[in-house]
Amino acid sequence: GGDGIQRMLVKNFEGFATNSGFIIPSETAEPYMGFRSGRRIRFTQEDLDVLRENVPEAKVVSGVVAMWANSAVYEDRSTDCNAKGVSAEYSRIEAPAMKYGRYINSVDVEQDRRVCVIGKKIYEALFPDGGDPCGSFIKVSGIYFQVVGVDVHSSAVSINGRSEEAVTIPISTIQKIFSRGNTVDFFAIVAQPGVKIKEVIEKSTAILETRHYIK
């Protein structure tokens, strides 16, 4: 029984980096330094830069921008999807399994390219006849993106929705096109070898609390 549970857990987290964790902002529980309670905390690109510079115990720090309840459209077919904006480093946290094409890369982010990687269920719904969809344009929330890859990674873990139901876009593109400014919805972190992720999360959280005046 114990072996069965272990195999199930390994399967559920398949594709995710070991020793990884997430920091997700919420609302403040009490007033502090003149700020009221219930203040919504919003992370920024500057926070990401600060963590990368000041937390050497972190091997990877990646920001993610989430967009829920969207639709993906190709020709006369459509399906529900969740869109997420990521940097190239995110592939080191939730490893893609590419059936076609490639994942989001650093040039996509630097140039705000309107490209995307589609998950398995999106691919099956929009391209039921199969084949390589790379080069095709799909529409997400009224904006066209060129498909550069198909990620068939599947996991029971839901980070901004299941990966098979996601349309993944460069984080800079999703910030610019959908007027998100420099905001980041949450951070995904992988600890250096030999360092506990709990320690990295605690240090990173303390830095963010100072920057956002949280008690």
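Residues numbered from 1 in each chain as written. Predicted model: local features only at pLDDT ≥ 70, side-chain atom pairs only at ≥ 80, totals over all residues. Heavy atoms only, no water.

Asks: Pulling in residues and values, what's your account of the overall build of the chain?
Replies: Broken down by element type, the chain carries six helices and 11 strands. Residue burial in the chain is summarised as follows: out of 215 residues, 46% are buried. Counting contacts in the chain only where the partners sit at least 6 residues apart, residues at least 24 apart contribute 72% of the total. A total of about 11000 Å² of accessible surface is found on the chain, and carbon and sulfur atoms cover 49% of it. (Helix = DSSP H or I, 4+ residues; strand = E, 2+ residues; numbered from the N terminus. Buried < 20%, exposed > 50% of the residue type's maximum accessible area, 1.4 Å probe, protein only. Contact = heavy atoms within 4.5 Å. Areas by Shrake-Rupley, 256 points an atom, 1.4 Å probe, with all protein chains shown as cover.)

Asks: Just give me the short version of the packing of aromatic side chains, but keep the residues and values in it.
Replies: What the rule picks out here adds up to five aromatic pairs. With centroids separated by 4.5 Å and ring planes inclined at 35 degrees, the aromatic side chains of Y74 and F127 adopt a geometry described as tilted. Highlighted residues: Y74 in strand 3 (residues 58-74) and F127 in the loop between helix 4 (120-126) and strand 7 (137-140), separated in sequence by 53 residues. Three or more aromatic residues joined by ring pairs form one cluster here, namely Y74, Y100, Y123 and F127. (Phe/Tyr/Trp six-rings, centres within 6.5 Å; stacked < 30°, edge-to-face > 60°.)

Asks: Help me get a handle on the pairing of strand 8 (residues 143-151), residues and values and all.
Replies: For strand 5 (residues 98-101) and strand 8, the ladder comprises three bridges, and the chain directions are antiparallel. Counterpart to G101 in the pairing with strand 8 is G149. Note that strand 6 (residues 115-119) and strand 8 share five bridges and pair parallel. Counted as the bridge partner of V115 is Q146 from strand 8. The antiparallel pairing of strand 7 with strand 8 creates a hairpin that spans two residues between the two strands, and S141 there sits at a positive phi of about 50 degrees. (Pairing = 2+ DSSP bridges.)

The quantities given are spatial measurements derived from coordinates; they are silent on function.
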